[in-house]
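As a plain string of letters, each chain reads:
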Amino acid sequence: MTPIQFFDYAGIAVFAATGALSASRKQLDIVGFIFLAGITGIGGGTLRDVILNVPVFWIGNNIYVLTCVVTAVLVFFTAHLVESRWRLLLWLDALGLAAFAAMGAAKGLAITGSPVVAIITGMLTATFGGILRDVIAGEPSVLLRPEIYISAAGVGAAVYVLADRLLVAPQMAAILAFAAGFIVRGGALWFGW
Amino acid sequence: MTPIQFFDYAGIAVFAATGALSASRKQLDIVGFIFLAGITGIGGGTLRDVILNVPVFWIGNNIYVLTCVVTAVLVFFTAHLVESRWRLLLWLDALGLAAFAAMGAAKGLAITGSPVVAIITGMLTATFGGILRDVIAGEPSVLLRPEIYISAAGVGAAVYVLADRLLVAPQMAAILAFAAGFIVRGGALWFGW
Amino acid sequence: MTPIQFFDYAGIAVFAATGALSASRKQLDIVGFIFLAGITGIGGGTLRDVILNVPVFWIGNNIYVLTCVVTAVLVFFTAHLVESRWRLLLWLDALGLAAFAAMGAAKGLAITGSPVVAIITGMLTATFGGILRDVIAGEPSVLLRPEIYISAAGVGAAVYVLADRLLVAPQMAAILAFAAGFIVRGGALWFGW
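Residues numbered from 1 in each chain as written. Chains lettered and ligands numbered in written order. Predicted model: local features only at pLDDT ≥ 70, side-chain atom pairs only at ≥ 80, totals over all residues. Heavy atoms only, no water.

## A few points about the overall build of chain A
- Across its full length, chain A carries seven helices and zero strands.
- Counted from the first residue to the last, chain A has its helices and strands arranged as α-α-α-α-α-α-α.
- Its C-alpha atoms give chain A a radius of gyration of 16 Å, near enough to 16 Å, the size a compact globule of 193 residues would have.
- Projecting the C-alpha coordinates of chain A onto the three principal axes gives extents of approximately 45 × 40 × 30 Å.
- Looking at chain A as a whole, 59% of its 193 residues qualify as buried.
- Carbon and sulfur atoms make up 72% of the accessible area of chain A, which amounts to about 7300 Å² in all. (Helix = DSSP H or I, 4+ residues; strand = E, 2+ residues; numbered from the N terminus. Rg over C-alpha atoms; globule rule 2.2 N^0.38 Å. Buried < 20%, exposed > 50% of the residue type's maximum accessible area, 1.4 Å probe, protein only. Areas by Shrake-Rupley, 256 points an atom, 1.4 Å probe, with all protein chains shown as cover.)

Here it is in structure tokens:
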């Protein structure tokens, strides 16, 4: 499994978990957990692929959807064990944000060759699942929180594009982009930026 | 007209009616009725087709859009006659939910051959128009209501896939899926599941 | 630069400005300004192109995205100078609405040849960016305001289709449609229709 594939599945799982925790706060049933987990996990990448006019990534590979289902079921039966769900959700969300910014930029750049498009697809992939989650769950959108959020996705995506320009191998570029996005977002959470 | 075509138009009309009734509660003008009816009626199927990367169903056939327009105009001039609009909306919504779960699963299965994708497209087709309606009209999303809702769409879509596996003819499978979805959702409304 | 191209860029810029002013009211950082400006500026046209199954307009031409970024940065540094931001936003929105209704109808008609589809793509292009802006910023959707709004977009799109039927040249049809849409929306703002 390459780093990009790993980030891909890990990003799906952690975003799905944030959707499931959101369903938990709204006291939905298990199908509600799965639905919100799925929308959060694959929503950003679906928008990316629709905009890039390529086949939607989860259509030909059931692992993505099953990852969301399994994550949702796990969270459904363990959410009561998690002491501070909100805090956990924020850190999972930071991991997903960093992974999807790297992934989204990589795919956008590979398909269009345009750095501008790559930064946009990185930011959209990283934020749109969470936006859908918040809008559908009727919570204040993650965009409106005072801390640095989209900026972290933008930094991650920009680092990918820059690393690619500097002829860094795609897998290393993805790791650098993930690290950059997570450091910025994690710093915002930790230090209250 | 085959059962699938019938469910298709009927689903459009009843979902459009729920959009128009939502516009009525918000006291919009007639164009607002048409807009919200249209988004609710064709929103779910549009998302399904975009994800499946097939031509959007209403582009080549004006009957779908005209169905929404006629329904919206009818509701605009008769909404004051309906005693309990909310209750009516819930039952129309249940009919639309069941019809679109069957339709969406049928189209997803026909195009991708994947049961997992078929269940997702069934659920998305059945719920996304209503989600758009609620989000745009600023009402609590239908997903967050305590009763069984998405689960009914999931049951309907799963019944279609199962019937197809058991070599039931598509039209009979659609009828079974519609019945299953409507029984689950109607039961939730009637018995307060 | 043809009138259609001019309306295109002008519409992007003014809608982007409304997104940035919305970000200003929510006290977002500069990346939040850019993100909300971008979604408002290119959201409606993106939905139009995805529905029409043509390449998304900003993928191959960075000027659109850069227009949004420059507009957002300008608004970020000047928003405090604008006395009544809300009022300005409404009039910019009216310009964008009229421009996008003309543009959206022109593209829908050129690609499908269907007047019904053209009116829908005109209305969606004109309203969807603003709907996304309001939904994501957590403000009451522009659709729910008591004044005439979507109707103005519908009038503009219908005038384009009608002018095309009467063999008016596309560029003149676009000017007529823009004028019609802006007169209706501007009248609603000025006279409180």
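## A closer look at the interface of chain C and chain B
- Counting from both sides, the interface comprises 20 residues of chain C and, opposite them, 18 residues of chain B.
- Both faces combined, the contact of chain C with chain B buries some 1700 Å², and carbon together with sulfur accounts for 80% of it.
- Among the residues of chain C in contact with chain B, I51, V116 and L144 of chain C are the three that bury the most area, contributing 30% of the side total.
- Put simply, chain C and chain B have zero salt bridges between them.
- One can count one residue pair in polar contact (both at pLDDT 80 or more) joining chain C with chain B. (Contact = heavy atoms within 4.5 Å. Buried area = accessible area lost by both parts, 1.4 Å probe. Salt bridge = Lys/Arg side-chain N within 4 Å of Asp/Glu carboxyl O. Polar contact = N/O pair within 3.5 Å; in protein donor to acceptor, adjacent residues only side chain to side chain.)

## Some points on the pattern of salt bridges
All names here are of chain A.
- Under the criterion given, the structure shown has 15 salt bridges over all chains.
- Residue E139 is joined to R25 by a salt bridge in which the shortest nitrogen-to-oxygen separation is 2.6 Å. You can see E139 sitting in the loop between α5 (115–137) and α6 (150–165) and its partner R25 sitting in helix α1 (residues 3–25), a full 114 residues away along the chain.
- Close ionic contact of D93 with R133 constitutes a salt bridge, the shortest N to O distance being 3.1 Å. Here D93, found in helix α4 (residues 85–112), pairs with R133, found in helix α5; they are 40 residues apart in sequence, far enough to count as distant.
- Each member of the salt-bridge network shares a partner with another, and the members are R48, D49 and K107.

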